[in-house]
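Listed below are the residues making up each chain.
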Amino acid sequence: MADRGRHRYPLLPGGRVVTVARPVRAPGGAVCASLLDLVGDTPLLRVDTPLPHRHPGFWAKLEGLSPGTMKARAALSMIRGARERGELHPGGTIVESSSGTLAVGLAFVGAALGHPVVIVADDELDTMTYRLLLSHHARVEIVSRPHPVGGWQRARLERVHELIAAIPGVYWPDQYNNPDNPAGYHDLGRELLAQCAELDVVVCSVGTGGHSAGIARVLREQRPGVRIIGVDATGSSVFGQPARKRIMRGLGSSIHPANIAYTGFDEVHWVPPAEAADACRRLAAGSFISGGWSTGAAALVAAWSARELGTDRVAAVFPDGPQRYWETIYDDGFCRDHGLVPTCAEPTEVTSPAEAPADRWSRCAGVADPCGRRTSPEGQCGVCGEGATK
């Protein structure tokens, strides 16, 4: 039935067949001498699943297929930088605050380079990630109550400072403000340009600001005409909305990370959890590839952008896969209990973050740092006085 580079598939009794050409693949794949060789070079997949409307298609950068998650790029960059500067010595302990994804990336890099890892998480860390971290011999510290002003992120950071004072020779990457974080995603930007001969828009979710800032740096230097759209969560203060309780993890923030490159964005969208979850489920059913809150939100905005432009020259970064979200996004009971029923198929356009509705998908073409100046030498925002490191 088969010959070199071609395959014959029977269609009907009686011998009628169709012969389909297929590429000849070299036997085997990459041979890696180290875990670190697995970081990067993720594939690009064309997605045309209606989200919720039909669209010309867009290209998904499947960072969720990386064994150390997308955040392994940032973790490797931060740890290598610290080792080169002498801030982290051989065998030294790494302590960081994480809601999950960076934690896995740090555990991955720590295992490769021989560093114990301590992760400060909170009560909303999913069970799968918690057990995975323990299996990789990471120590997990759980914060039980959110900070009354800065939420879970600020509560975790306060615990980080307590651990820094207690553990000799500890290194804190400080993902929110460490320039090595976005630098770790320069290769991601270069990979996108190499994989996409024609590109009009790149869509990135925004949490710590690392991957969007790293991609923006490369695109602004090499293809300045490409538009960059940031995707935030409703109730996040990153782009100037008032901070509110959020159920989505991985995008949005209740603090203002210094790594966010506000000048790199051409537009920002705020996506509610119902629409993000709906996009995840549609992706799972329509293209098999799906992910968590950040992936669903980015996919929704990418599909909208492709439809608006009438082209598939749109790329979206899918930060993770669906594995951590079986008890949330993909659980009917969770979605029902949290009222996750999508109500809008198009974004509402606003002229400022203050006008953005608290519970609806919206977009704003004007993007600015909500605090005006960046930070003081003490690490505090020069306008609101809030500090990501406080």
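Residues numbered from 1 in each chain as written. Predicted model: local features only at pLDDT ≥ 70, side-chain atom pairs only at ≥ 80, totals over all residues. Heavy atoms only, no water.

### Regarding the pattern of salt bridges
When their charged atoms lie close together, side chains carrying opposite charge are able to pair. What counts, and what does not: When a carboxyl oxygen of Asp or Glu is within 4 Å of a side-chain nitrogen of Lys or Arg, the pair counts as a salt bridge. Working definition: helices are DSSP H or I runs of at least four residues, strands are E runs of at least two. Numbering for both runs from the N terminus. Relative accessibility decides the category of a residue: with a 1.4 Å probe and only protein chains considered, values under 20% of the type maximum give buried, values over 50% give exposed, and everything between is partly exposed.
This structure, assessed with the given rule, holds 25 salt bridges. Between Glu 162 and Arg 159 there is a salt bridge, with the nearest N and O atoms lying 2.8 Å from each other. Of this pair, Glu 162 and Arg 159 both sit in helix α4 (residues 151-166), three residues apart, which is roughly one turn of the helix. Among the residues examined, Glu 162 registers a relative accessible area of 46% and is labelled partly exposed. Of the charged contacts, one joins Glu 349 and Arg 363 as a salt bridge, the two residues approaching to 3.2 Å between their closest N and O atoms. Here Glu 349 is found in strand β13 (residues 348-350), whereas its partner Arg 363 is found in strand β14 (residues 362-364), with 14 residues between them in sequence. Given a relative accessible area of 55%, Glu 349 falls into the exposed group. Owing to a relative accessible area of 14%, Arg 363 belongs among the buried residues under this scheme. Overlapping salt bridges bring together Asp 122, Glu 124, Arg 156, Lys 245 and Arg 249 as one network.

### Re the packing of aromatic side chains
Counted only if it meets this: Side-chain rings of Phe, Tyr and Trp (the six-membered ring for Trp) are treated as a pair once their centres are within 6.5 Å; stacked means planes under 30 degrees apart, edge-to-face means over 60, and tilted covers the remaining angles.
What the rule picks out here adds up to four aromatic pairs. Ring plane angle 55° and centroid distance 5.1 Å describe the contact between Trp 326 and Tyr 330, whose orientation is recorded as tilted. Of the aromatic side chains, those joined through ring pairs into one cluster are Phe 239, Tyr 262 and Phe 265.

### Observations regarding a nonpolar patch on the surface
Here is the rule we go by: A residue counts toward a patch only above 30% relative accessible area and without a salt bridge, and it is joined to like-charged neighbours within 9 Å or, for Val, Leu, Ile, Met, Phe, Trp and Tyr, to nonpolar neighbours within 5 Å. Only the protein chains shown count as cover for residues, and the accessible areas themselves come from Shrake-Rupley with a 1.4 Å probe.
A contiguous nonpolar surface patch, about 240 Å² in accessible area, is contributed by Tyr 130, Leu 134 and Ile 142. Relative to the helices and strands, Leu 134 resides in helix α3 (residues 127-135).

### Digging into the environment of Val 117
Applied cut-off: Residues count as neighbours in contact if any of their non-hydrogen atoms are within 4.5 Å of one another.
Here Val 117 shows up in strand β7 (residues 117-122). For the pair Val 117 and His 136, spaced 19 residues apart in sequence, the C-alpha separation works out to 9.5 Å. Residues within four places of Val 117 in sequence aside, it is in contact with Ile 94, Leu 106, Ala 107, Gly 110, Ala 138 and Arg 139.

### Comments concerning the nonpolar core
Heads up, the rule is: We call a set of buried residues a nonpolar core when its members are Ala, Val, Leu, Ile, Met, Phe, Trp, Tyr or Cys and they connect through side-chain atoms within 4.5 Å of each other.
In this structure, Leu 106, Val 202, Ile 215 and Phe 239 are the most contacted members of the largest nonpolar core, which totals 54 residues. Elements with a contribution of two residues or more to this core: α1 (71-85), α2 (101-113), β7, α6 (186-195), β9 (201-205), α7 (210-222), β11 (267-271) and β12 (314-318). Contacts of Ile 215, omitting those with residues within four sequence positions, involve Tyr 185, Leu 188, Gly 189, Leu 192, Val 202, Cys 204 and Val 317. One finds Ala 298, Trp 304, Ala 306 and Trp 361 within the second-largest nonpolar core, a separate group that totals 40 residues.

### A look at the sheet that holds strand β10 (residues 227-233)
Keep this limit in mind: For two strands to count as paired, DSSP must find a minimum of two bridges between them. Here an angle of 0 to 180 degrees is reported between the N-to-C directions of two axes, which are lines fitted to C-alpha atoms, with helices fitted over the stretch in contact.
Here we have eight strands laid out as an open sheet, ordered β4-β5-β12-β9-β10-β11-β14-β13, and mixed in their pairing. Sheet topology places β4 (44-47) and β13 at the edges, where each strand pairs with a single neighbour. Going from strand to strand, the sheet's axes swing by 25° on average, the running direction of each strand aside. The strands that α7 touches are β9, β10 and β12; relative to β9, the one it contacts most, it runs at about 160°.

### Concerning the sheet that holds strand β8 (residues 139-143)
The strand order across the open sheet formed by three strands is β6-β7-β8, and the pairing between neighbours is parallel. Two strands lie at the open edges of the sheet, namely β6 (94-97) and β8, each paired on one side alone. Put simply, the sheet's adjacent strands are angled 20° from each other on average, direction ignored. Summarising the sheet, β6 and β7 pair through four bridges and their orientation is parallel. From the neighbouring strand, Glu 96 faces β7, where its bridge partner is Ile 119. In the packing of α2 onto the sheet, contacts are made with β6 and β7, and the angle to β7 comes to roughly 170°.

### Topic: the state of the cysteines
The line we're drawing: Here, the term disulfide refers to a pair of cysteine sulfur atoms separated by no more than 2.5 Å.
Considering all chains together, one arrives at zero disulfides under this definition. Sulfur of Cys 335: no disulfide; nearest cysteine sulfur belongs to Cys 280 and is 9.5 Å away.

### Some details on unusual backbone geometry
For the peptide bond that leads from Leu 51 to Pro 52, omega is -15°, which places it in the cis range. Structurally, the position occupied by Pro 52 is in the loop between β4 and β5 (58-62). You will see that His 137, though not glycine, has its phi angle at about 65°, which is positive. The exposure class of His 137 is exposed, given its relative accessible area of 72%. Despite not being glycine, Asp 174 shows a phi value in the positive range, around 55°. Topologically, Asp 174 is positioned in the loop between α4 and α5 (180-183).

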